Amino acid sequence: MARQRRKEPRDHPRKLAAKARPAASSTCDDQHVGPWAPVPYTAFKALLSARLCAAVWNNIADCDETFNYWEPTHYLIAPMEVYMELGPLANLAADGHDNQEDIVVPSTLCVGKEWYRFPSSFFLPQNWELAFIESEFRGQLPKPYASGANATRIIPTDMNDANREEQSRYVNLSLCDYLVDTDGHDVTDREPEYSSSPEWEVVSSVKFLDSRRSPVYARAFYVPFVSERLCSYVNYYLLKRKKTTKNNA
C-alpha cells in the first residue's frame, strides 16, 4: 500500500517577508529619539532669506511706534554718528579751553522731519533738551514725562487717541540752538532746507542713503564699488545757529 506523502506547509508571503526583514537594532532606535531639528547651515539659510525679504519688502513706512527705538541698520548709522557729536560739543563748552565761545549750555536740540530717527535721550548731554519744530508730519508727536516726583504716574495733557496733530508739541525755531536735518527732500514751507539758510552753520555732516532714489536691489545687497554707483545719497546734518542770528532773535 502506497503511503501518501505529507505536504510541507507553506508559509504566507507576508510571514516570509517578515522573516527576511532584519530586526531593527537598538542603535537605529536611539538615532530617531527626540524632535527633528535642521542642521545649522539650513537654519542659517532660512534666517538669511527672511532678513533679506524683510529688508526689501518690509520697510518701515509708519514710524509712530518707533520713537526711541532703533530702525533697520541702513537707517541707523548716519543718525548715530551725528548724535555722537553732541557729547564732544558739550565737553568743549564745559572745559572752557576752546575758542568756540558760542556753544550754549544749556542747549536746545530741535528736530523736524527727522524726529522719528532720534535714538534716545541718553545721547543728550546734561542740561540739553529735545524740542520739536513743525514739519510735514501731521500726526501726534511724543511728549516728555513731567518733571518732579512720580512723573511717570501723572496722566499727561494734550493727548489724543486719534493720532491728531498737537500744536503744543512745537517750539519756535528761534529757541533752537542746534538742529538735526537732512537735505535732498522736497522743500516746503514747513520743511525748508535749513543747511542753506544763513542762520545756520554745519557742525557735522554724514552721508545718508536716499531710499526714494535708490533701487531696491542695490539697497538690499551691498556690492563694493557697484552699490556706491547705483545708490543715491543725501547729507545728514547737525546744524548750529550762528551767534549773530541768535543774538538778534
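Refer to the structure presented above.
The structure presented is a predicted model; accordingly, all values stated were derived computationally and were not measured. (Residues numbered from 1 in each chain as written. Predicted model: local features only at pLDDT ≥ 70, side-chain atom pairs only at ≥ 80, totals over all residues. Heavy atoms only, no water.)

Draft legend 1. Spatial organisation of the side chain of R241. Tracing the sequence through the fold places R241 in strand β5 (residues 233-241). Residue classification places R241 among the buried positions, given a relative accessible area of 6%. Reaching out from R241, the side chain makes a polar contact with the backbone oxygen of L173 at a distance of 2.5 Å. (Helix = DSSP H or I, 4+ residues; strand = E, 2+ residues; numbered from the N terminus. Buried < 20%, exposed > 50% of the residue type's maximum accessible area, 1.4 Å probe, protein only. Polar contact = N/O pair within 3.5 Å; in protein donor to acceptor, adjacent residues only side chain to side chain.)

Draft legend 2. Structural context of the pattern of salt bridges. As enumerated under the stated definition, the model contains 10 salt bridges in all. Among the ionic pairs, D181 bridges to K113, the shortest N-O distance being 2.4 Å. Separated by 68 residues along the polypeptide, D181 in strand β3 (residues 178-182) and K113 in the loop between β1 (107-111) and β2 (128-132) bring together distant segments of the chain. Ionic pairing is found between E199 and R241, a salt bridge with its closest N-O pair at 3.6 Å. (Salt bridge = Lys/Arg side-chain N within 4 Å of Asp/Glu carboxyl O.)

Draft legend 3. Representation of the state of the cysteines. Under the counting rule described, the total for this entry stands at one disulfide. One disulfide in the model links C110 with C176; its S-S distance is 1.9 Å. Disulfide C110-C176: torsion about the S-S bond near -90°, hence left-handed. Of this pair, C110 sits in strand β1 while C176 sits in the loop between β2 and β3, and the two are 66 residues apart along the sequence. As far as burial versus exposure is concerned, C110 and C176 are alike and both buried. (Disulfide = S-S within 2.5 Å.)

Structural measurements only, silent on function.
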